[in-house]
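Residue-level listing of the chains:
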Amino acid sequence: SQTSHSGDAGRRWQPSSIHTIGFSRDKDQSLRPVIPAPASMRQMPGFFTIGNKKISQLVIVNENQENKKLATLLQSYLNVHFGLDVPIASSGGSGAAFSAGVKQIVLTRVMPRSTDLKAINKEAYHLKISPEKITISAEDSGPGLFYGLQSLFQLMNTTEGNLEIPCTEIEDVPRYPIRSLMLGVSYHLFPVSYIKELIDLMATYKLNTLHWHLTDDTGWRIEIKKYPLLTRVGAWRSATQIGKDAQALDDQPYGGYYSQEEIKDIVSYARERYITIIPEIEMPGHSMAALAAYPWLGFNQKYKVATTWGIYNEIYAPKDSTFAFLEDVLTEVMALFPGPYIHIGGDEVPKNTWATSPFCQQLIKTEGLKDEAGLQSYFIRRIEKFINANGRKMIGWDEILEGGLAPNATVESWRGTSGGIEAAKQGHDVVMAPTDYVYFDYLQGKEEEEPLGIGGFTPLSKVYGYDPTPKELSAAQQRHILGVEACVWTEFIATPAKFSYMIFPRMMALAEIGWSPLKSKDYTDFLRRRLPVHLERLDRAGMVYRVPEVIGITDTTLTGSQFEFTLHSAVAGAGTHIYYTLDGFDPDLTCSIYEQPLKIRLSKGQERVLKARVITASGKKSVVTTTVLHGK
């Protein structure tokens, strides 16, 4: 049911039931490459080591039958990535004895009494690695043990063919209950296979929510059986805007949708990885695709699916028949998505049509509303009542504050943080998603050096430094901040390859925003010691990502007589190097490789131009960083 320009172009890493791939690094590299940074992590002497010819020395001990699925995951991971065929034994919680010399990886639901965790929930875990035994503990047989496994996988290493894990103790619990990424598919679709790949990577970094924006002006992407024209008509546009010129169209029909069977498959896949999918059905604005399918939902004009990006005046008419339609749609949506939240959009709603409609003006008077903003609130409250009656919670963008907030609504604050602050002060739950920090469709560097984008600027450092909990809120109000979401709108993201480029490595920074306590966050450690191992992993897997600039120089001009530069790469691994020049030439594979600090001496009036870039083992390049040096 999916047809798009992009297809699987740019994808080389096939998803599987295993969420991560093995790490390979030298001993002199960081022994603590865990992302997101744990709440508490203590390295101890020694290693848990299994020789490649001593498989019989290892056993997985499953102390509770409910852990069986995760024990099997661990077993599969060890087989796929290290060639180990490790048996699973059940101790029944009795601590069964094993032969001398047999090492154990134990999954248990008994958390150590000595834990220093101030808060323990179903996502918390304790991981202890000693030379003879690894124990992963969690109070629940689900996400806690799963996240403990993800950290264990990140610590695994191969040295001369042996499995080697540094002795470590981790006590971990997430800072926020919602750690989310938004995938918009109305502008451009992405294959089911890529969405599963994305879910795998989200799980690796302990993100637990995928916000799936399924409807908009430019396409309706979810099958609704009661209203087949939504996909027969609303899922297809006659052309697509080329670049940023709204007057330039490619005249190529574009469209497609996800069938209910495909959606069930994706939801099930995500659930197995402890990720909840929140569907978004836009209303009352961004509804051109639905209006094109069923014009009676509006004001009986002639509508068409939008071909350009922007905001349209055509919106739903707040009639009983419209509400009946939306309730029918939401009924099918709720049957597909079992999670607690339903997102109804509510953003960017022009009121022009309502202002000139005799029906709407009479409805405002009948309901005792103040104005069109009050009518929007009436619309949202009516939808929320239906959602709540079906045992779900409603989320909307911060515009749903206009005209008065629905009584039980959760607000997603995207136009800065003010909407979230106001909602929290009113006692409403909030997910923070401000454009200035966590919009991943925004540029990561200079516009002339980046792929075509919508604009804005959210570099890795800015993303990493974001704190979703506003300091102006009281302690009680801060408890309403449920978490953080990075949004990826896809007007200018037409392929899986570009989507990956836009989210990596920023998604790793998002993971630390959502999971790590403030005391555990350290951007220098993240950028120079931990991120390089993870980007090497993406590089070896053939994934597309943005290579960060060389660390240690900036685009600037310096004056002096002696200069020294110590450079670092944010990508680790053999074959990845920093290349540099001093003659103004943009570095390539023919240029000098950085191996030790650069010492440059200039006499008065001399000038040198130092340029550097990272080129990875797979050939990916960072942008060139240029420092102009003037002698004095």
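Structural data are supplied above this passage.
The sections below set out a description of the structure shown in this document. Everything numeric here is computed off the predicted structure, so don't read it as measured data. (Residues numbered from 1 in each chain as written. Predicted model: local features only at pLDDT ≥ 70, side-chain atom pairs only at ≥ 80, totals over all residues. Heavy atoms only, no water.)

Quick notes on the pairing of strand 9 (residues 162–172)
Put simply, the test is: We call a residue buried when its accessible area falls under 20% of the maximum for its residue type, exposed when it is over 50%, and partly exposed in between, using a 1.4 Å probe and counting protein chains only. In this description a helix means any DSSP run of H or I spanning at least four residues, a strand means any run of E spanning at least two, and both kinds are numbered starting from the N terminus. Only strands joined by at least two bridges in the DSSP assignment are considered to pair.
Burial of strand 9 is extensive: 10 of the 11 residues sit out of reach of the surface. Direction of pairing for strand 2 (residues 40–50) relative to strand 9: antiparallel, over a ladder of 8 bridges. Of the residues in strand 9, the one forming a bridge with F48 is I165. Here strand 6 (residues 125–129) runs beside strand 9; their pairing, made up of 4 bridges, is antiparallel. Within strand 9, the residue paired with Y125 across the bridge is D172. Direction of pairing for strand 8 (residues 157–159) relative to strand 9: antiparallel, over a ladder of 3 bridges. Along strand 9, the bridge assignment pairs N157 with E164.

Structural notes on the pairing of strand 7 (residues 133–137)
For strand 7, the tally of buried residues reaches 4 of 5 residues, placing the bulk of the element in the interior. As defined by bridge partners, strand 5 (residues 103–108) adjoins strand 7 across 5 bridges and the pair is classed as parallel. Looking across to strand 7, one finds that V106 is bridged to T135. Here strand 6 pairs with strand 7 via 4 bridges, running antiparallel. Residue pairing for strand 7: L127 is matched across the bridge by I136. The turn joining strand 6 and strand 7, which pair antiparallel and follow one another in sequence, is formed by 3 residues.

Considerations on helix 17 (residues 523–540)
Put simply, the rule reads: Take the residue count of a helix, subtract one, and multiply by 1.5 Å to get its expected span. Pairing of N or O atoms within 3.5 Å defines a polar contact, subject to two protein rules: one partner must be a possible hydrogen donor and the other a possible acceptor, and residues neighboring in sequence count only if both atoms are side-chain atoms.
Over its 18 residues, helix 17 runs 24 Å from end to end, which matches the ideal 26 Å to within 8%, given 1.5 Å per residue. The element helix 17 is extensively covered by neighbouring structure, given that 13 of its 18 residues are classed as buried. Where helix 17 starts, the residue carrying a side-chain oxygen 3.1 Å from the main-chain nitrogen of T524 turns out to be D522. One or two positions beyond helix 17, positive phi appears at G542, with a value near 80°.

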